[in-house]
Amino acid sequence: TGVHPPSCPEYRAMDPVITLIVAVSLMVGLSAGFIMHRSDFCVTAAFRDLFLFRDAFLLRQMLLLVVISMALFESGRLVGLIEQPPFPLLGAPSLANLAGGFVFGIGMVLAGGCVVGSLYKLGAGSVAGGVALLGMLAGSAAYAEFHPQWAAFARSTVLVRDAITVPQWLGVSPAALLLPLAAAGALWLAREFRAGHMVRPAFARGHLPPWRAAVLLALLGFMSYALVGMPMGITTSYAKIGGWIESLVAPGHVAGLVYFSLQPLDYTPPLAGRPIRGGPGPTLDAIAAIQFPLIAGIVVGAFVSARRVGEWRPVWRLPPRQLVSALAGGVLLGLAARMAAGCNIWHLWGGLPILALQSLLFTAGLLPGAWVGARLLARFVIR
């Protein structure tokens, strides 16, 4: 399963496709890390600031990214650049997505960054980002302990069984719903630009305005969708790494966990003639080929950006409350990303633009979760 051994003829036949996937993911990761650091484009801050400071500036940038992605994804489908809508790993919506989104919202605020934000902050020298990442690895591995029970809950609370997206549920063409919705969003955002709500003065060296970052990140997501077959996502690899670390001390236990034997990814990438497979188990498979280069690229891209502007200065001595919060938030993020069948980047930047029902439920849970996280942060961490 997964990537075949080098001695296998089938692997050699797929090697150019795997190479292309690795190259595209690495390029997307390097670019995303650089862009997010230069703009400080933080998904966590978009929701946290709304509840802590009643400031929706960054949330408007997030909406800009979603609207552009919606137009790009659907236009790409109409002209044949995107051949597999909806993309792999999306499934039937259930209350598990809502509950996972709620826990995720709490975790990302406490961690000080989401699954991608913590990566680019780590690359820029944030020790708290590294602590949060360790928590995510632990939380992702811990999820495997109760996966059978959670999977049963997800199956028993499925809300729509024969549709993955809203257009499928309503029985309408995606273009009839997505393009008018994207146009309405564009008109509203144009009004926000004219009112001066999308731009703020900045004097930091090399600063990239968040609205430009949103446009560039949407283009990167489209590139990933068109060339890899799915938008950006990384948290299954957190489970792979966490499971591998756990297998160093308890290999028999890890081998006996059902979750690590799953192979949920089974799809034919663009430009390929046969499917590739992968799962959360600690093996080198298709998921590793897609997500490992993306993770490494985000960290390295942010590191390069920070070095170029002279901002790479790790601060090791941090308040204990901040480190505990980052670790606890990271654990919740790792758990929640598995509970919700994806992280905020997967659902907000990938699923929401195609109106995936899972992603809509995740977002519905994320908002109150971020509110709870903001209250906890203000009460116990930054008091």
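About the thresholds
Residues numbered from 1 in each chain as written. Predicted model: local features only at pLDDT ≥ 70, side-chain atom pairs only at ≥ 80, totals over all residues. Heavy atoms only, no water. Helix = DSSP H or I, 4+ residues; strand = E, 2+ residues; numbered from the N terminus. Rg over C-alpha atoms; globule rule 2.2 N^0.38 Å. Contact = heavy atoms within 4.5 Å. Salt bridge = Lys/Arg side-chain N within 4 Å of Asp/Glu carboxyl O. Buried < 20%, exposed > 50% of the residue type's maximum accessible area, 1.4 Å probe, protein only. Axes fitted to C-alpha atoms, helices over the stretch in contact; angles between N-to-C directions. Parallel < 35°, antiparallel > 145°, perpendicular 65-115°, else oblique. Left-handed = near helix turned anticlockwise from the far one by under 90°. Phe/Tyr/Trp six-rings, centres within 6.5 Å; stacked < 30°, edge-to-face > 60°. Core = buried A, V, L, I, M, F, W, Y, C linked by side-chain atoms within 4.5 Å.

Let's shift gears to the overall build of the protein chain. For the protein chain, the helix and strand inventory stands at 16 helices and two strands. A globule of 383 residues ought to have a C-alpha radius of gyration of about 21 Å, and the protein chain, at 20 Å, matches this closely. Along the first, second and third principal axes, the C-alpha set of the protein chain runs to 55 × 50 × 45 Å. Taking contacts inside the protein chain between residues at least 6 apart in sequence as the whole, the part at least 24 apart equals 80%.

It is worth spelling out the pattern of salt bridges at this point. Under the counting rule described, the total for this entry stands at six salt bridges. The salt bridge partner of Arg 200 is Asp 55, with a shortest N-O separation of 2.9 Å. Note that Arg 200 is positioned in the loop between helix H9 (174-194) and helix H10 (210-228) and Asp 55 in the loop between helix H2 (43-52) and helix H3 (57-79), a separation of 145 residues in sequence. Among the ionic pairs, Asp 285 bridges to Lys 240, the shortest N-O distance being 3.0 Å. In this pair, Asp 285 is assigned in the loop between strand E2 (276-278) and helix H13 (286-308) and Lys 240 in helix H11 (residues 235-249), connecting sequence segments 45 residues apart. As far as burial versus exposure is concerned, Asp 285 and Lys 240 are alike and both buried.

Here helix H15 (residues 344-351) crosses helix H16 (residues 357-381) at 120°, and the two axes come no closer than 9 Å. Between H15 and H16, the angle is such that the two are oblique. For the pair H15 and H16, the sense of crossing is left-handed. Contact with H15, carried on its side by Asn 344, His 347, Leu 348 and Gly 351, involves Gln 358, Ser 359, Phe 362, Thr 363 and Leu 366 of H16 and no other residues of that element.

What follows covers the packing of aromatic side chains. One pass over the structure, following the stated rule, counts eleven aromatic pairs. With a centroid separation of 5.2 Å and 75° between ring planes, the pair formed by Tyr 143 and Phe 146 is classed as edge-to-face. Geometrically, the ring pair formed by Phe 303 and Trp 312 is edge-to-face, given 5.5 Å between the ring centres and 80° between the ring planes. A relative accessible area of 34% places Phe 303 in the partly exposed class.

Attention now moves to the nonpolar core. Membership of the largest hydrophobic core comes to 103 residues, with the highest contact counts inside it found for Phe 104 and Trp 349. At ten residues, the largest contribution of residues to this core is made by H3. Look past the residues within four positions of Phe 104 in its chain and what remains in contact with it is Cys 114, Val 115, Leu 333, Ala 336, Ala 337, Cys 343, Asn 344, Phe 362 and Leu 366. Counting residues in each nonpolar core, the second largest holds eight residues, with Met 70, Ala 163, Val 166 and Leu 357 among its members.

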